[in-house]
Amino acid sequence: MPEHIADVLPSEARKIEELRRQMLDNFRLYGYELVMPPLLEYVESLLAGAGQDTDLRTFKLVDQISGRMLGLRADMTTQVARIDAHLLNRNSVTRLCYAGSVLHTRPSGLHATREPVQIGAEIYGHAGLEADAEIQELALASLALAGFTEVRLDLAHVGVLRAILELDKAAEKDHITIVQLLRAKDVPGLRELTAHYAPTTRDALLALPHLYGDVDVLKRARAELPDVPAIAKALAELAALSASAIGRADVAIDLADLRGYQYESGAMFALYVPGLPNAVARGGRYDHVGEAFGRARPATGFSLDLRELARLLPTAERKHSIRAPWGNAPELKEKIAELRKSGEVVIQSMPGHSNEQDEFECDRALVLDDNGSNWILKNLG
Ligand SMILES: N[C@@H](Cc1c[nH]c[nH+]1)C(=O)O
């Protein structure tokens, strides 16, 4: 097997599948419609509106039919945005959800898989914070379904850095380097790069790595960052979103968090659970991806990797099941069908073999009673 590619064996597969069903069912309760974008498509449409990171993470191959370059999806969010922009052509609010494998050319961490199972939900057509708040609530509800009670919500906002850069042409030119330095929290590097910038820009950029902590950070940010409408608006949005998460997660603000800086255009969040240093779920606003498909639509959503989440959960208990003989007798077949209909797992033994499963534990057997006329259940001690 290639590195960071692996089979998913029964007990793990069961955990992933159970989570997938629970989360999709919950999305449905909020009115999200399921879509299934293709595993691969032309690279231009796959990467439309996405950043350089997604490009580097995307496996590419040549299409034998068209001779054009195809990409294997590394993130389903842009595909779902394309579906909203091109195919649905609705003007009102559209809620879409999805679940499927994505592929990464390189793993995102030491133990990360290169084939995550991505699940997520997106809202199109509403620019207000209500949509962001619903997505945030859905992401938290998804982790609650998986059994995580201690969750930290980190909030960030693309608008803050963008507004600072707009104040200074020199800084705008160094945009990509600045993002890299901020991501690495490399303050000395940042100090060197910003030495010749206007003092307000320099001070603002150097303040960002320190603007991390509980919601009081927002007050500090108002005092330390330039007093321009775009920054005030971003900070107000973060205040509102942190208020809507109170009681459901520990909220932290991180104004230098740019790890998901791909297509995002507004407030972003990351969810953390104990035992894992990386975020288990990410989301945020990305209003400009639709434009790349010719139809600007406000957009916000979140996604997470079910494989990674399942890894953090204890092994699922083996399901109690019933062992039955193999046979053609109508009474036996009828009895087995009846038990299965009632939700019991009935495993018929193949002649000459015993059963071996990771997932099921046969605690009962279907046997003929003493008269040899009725099929009854016998407890296996
Ligand atoms: N797909 C993004 C998260 C996201 C979903 N919708 C908007 N943002 C990611 O994997 O980081």
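Residues numbered from 1 in each chain as written. Predicted model: local features only at pLDDT ≥ 70, side-chain atom pairs only at ≥ 80, totals over all residues. Heavy atoms only, no water.

Asker: Tell me about the environment of Leu 87, and please be specific about residues and values.
Answerer: Examined against the element boundaries, Leu 87 turns out to sit in helix α4 (residues 77-88). In this structure Leu 87 comes out as exposed when scored by relative accessible area, which is 59%. Spatially, the C-alpha atom of Leu 87 lies 48 Å from that of Glu 192, the residues being 105 residues apart in sequence. (Helix = DSSP H or I, 4+ residues; strand = E, 2+ residues; numbered from the N terminus. Buried < 20%, exposed > 50% of the residue type's maximum accessible area, 1.4 Å probe, protein only.)

Asker: Go over empty space enclosed by the protein, please, and point to the residues and values.
Answerer: Empty space among the atoms becomes apparent when a probe as large as a water molecule is rolled across them. Evaluation of the coordinates by the stated rule reveals 1 cavity of 30 Å³ or more. Of the voids in this model, the largest cavity is the one considered here, and its volume is about 40 Å³. Elements represented by at least two residues in the lining of the largest cavity include exactly α5 (129-145) and β10 (267-272). Among the elements that take part in the lining of the largest cavity, β10 stands out by supplying 3 residues, more than any other. (1 Å grid on protein atoms, 1.4 Å probe; cavity = no way out; pocket = protein on both sides within 12 Å on 5 of 7 lines; lining within 4 Å. Points joined across faces, edges and corners; volume = space filled by probe spheres on them.)

Asker: Describe the layout of surface pockets, naming the residues involved and giving the relevant values.
Answerer: Considered as a void within the structure, the second largest pocket measures approximately 340 Å³ in volume. In terms of lining, the second largest pocket is formed by 19 residues, of which the most central are His 157, Lys 233, Glu 237, Ser 265 and Gly 266. Broken down by secondary-structure element, the contributors of at least two residues to the lining of the second largest pocket are α5, α6 (158-166) and α12 (229-245). Class assignment for the residues of the lining of the second largest pocket results in 6 nonpolar, 6 polar and 7 charged. (Nonpolar A, V, L, I, M, F, W, Y, C, P; charged D, E, K, R; others polar.)

Asker: Could you give an account of the pairing of strand β7 (residues 152-157), with specific residues and numbers?
Answerer: Across the 6 residues of β7, 5 count as buried, placing the element largely inside the fold. Sheet topology places β7 next to strand β9 (residues 250-254); 4 bridges connect them, and they run parallel. Paired with Arg 152 across the bridge in β9 is Asp 250. Here β7 runs beside β10; their pairing, made up of 6 bridges, is antiparallel. Each bridged residue has a counterpart across the sheet, and for His 157 the counterpart in β10 is Ala 267. (Pairing = 2+ DSSP bridges.)

Asker: I'd like to hear about α6, residue by residue, with values.
Answerer: The buried fraction of α6 is high, at 7 of 9 residues. Along α6, the residues classified as buried are Val 158, Gly 159, Val 160, Leu 161, Ala 163, Ile 164 and Leu 165.

Asker: Tell me about the UniProt feature "binding site: L-histidine" (unreviewed entry) in the protein, residues and numbers included.
Answerer: UniProt records the feature "binding site: L-histidine" (unreviewed entry) at Asp 75, Met 76, Thr 77, Gln 118, Glu 122 and Arg 259, using the numbering of this structure. Within the element layout of this structure, Met 76 appears in the loop between β4 (69-72) and α4. Beyond its immediate stretch of four places on either side in the chain, Met 76 contacts Pro 37, Tyr 98, Ala 99, Gly 100, Val 102 and Gln 118. (UniProt positions renumbered as here; feature names shortened; annotations may be inferred. Contact = heavy atoms within 4.5 Å.)

Asker: Mind laying out the pattern of salt bridges, listing which residues take part and the relevant values?
Answerer: As enumerated under the stated definition, the model contains 24 salt bridges in all. What emerges from the salt-bridge pattern is a single network uniting Arg 14, Glu 18 and Glu 359. (Salt bridge = Lys/Arg side-chain N within 4 Å of Asp/Glu carboxyl O.)

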